[in-house]
Amino acid sequence: MTPLRPVAHAAPSPDPGLLGVHLLAGVGSGLLLALAVAALGQRGSRSYLLVVLALAALLARTLVSALAMFGPLDAGMHHFAEHALDAMLATFLLGAIYYARSAGPSAPEEPQ
């Protein structure tokens, strides 16, 4: 059996292009998360909460990658954390779909 070797990812000295991509990913994920929190405030349903958690996991992925890029997180932990966050994101989205489908149709709103 071959021993596992660490997977090489981003170097501790960040590349300016990689920094730009991380910045765009972080801003985009943060904006999506803010919009989802606003929608959760209006709707307040379990499905919206699960979507907020999924988008928070997406933002956390960017943060984990940035930590690995600047060195505090080693390659093995970075790899594990990103896979764990991917699993969380998928689970939250599947839960949101399940709860949205299992809830009965909402009553139509009365015009004011």
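Since we're looking at a predicted model, the values are computed, not measured.

Peer 1: Teacher, can you tell me more about the pattern of salt bridges here?
Peer 2: Scanning all chains against the criterion turns up two salt bridges. The partner of E82 in a salt bridge is R61, with the nearest N and O atoms 3.6 Å apart. Of the two residues, E82 sits in helix α3 (residues 75-102) while R61 sits in helix α2 (residues 46-70), which places them 21 residues apart along the sequence. Judged by its relative accessible area of 15%, E82 is buried.

Peer 1: Looking at this structure, how should I read a nonpolar patch on the surface?
Peer 2: A surface patch of nonpolar side chains, amounting to about 310 Å² of accessible area, comprises L31, L32 and L35. Looking at the secondary structure, you find L32 in helix α1 (residues 16-43). What makes L32 partly exposed here is its relative accessible area of 43%.

Thresholds, definitions, all that
- Each chain has its residues counted from 1, following the order in which its sequence is written.
- For a predicted model such as this one, the threshold for reporting local features is a pLDDT of at least 70, and the threshold for listing and counting side-chain atom pairs is 80 or more; totals across whole chains, interfaces and linings nevertheless cover every residue.
- Hydrogens and water are ignored here; the side-chain numbers use all heavy atoms of the structure.
- For salt bridges, the criterion is a side-chain nitrogen of Lys or Arg within 4 Å of an Asp or Glu carboxyl oxygen.
- Strands here mean DSSP runs of E at least two residues long; helices mean DSSP runs of H or I at least four residues long; both are numbered from the N terminus.
- In this scheme, a residue with accessible area under 20% of its type's maximum is buried, one over 50% is exposed, and one in between is partly exposed, where area comes from a 1.4 Å probe on protein chains only.
- Residues enter patches when their relative accessible area tops 30% and they take part in no salt bridge; the joining distance is 9 Å for like charges and 5 Å for the nonpolar side chains Val, Leu, Ile, Met, Phe, Trp and Tyr.
- Residue exposure ignores everything except the shown protein chains as possible cover, and the areas themselves are Shrake-Rupley values with a 1.4 Å probe.

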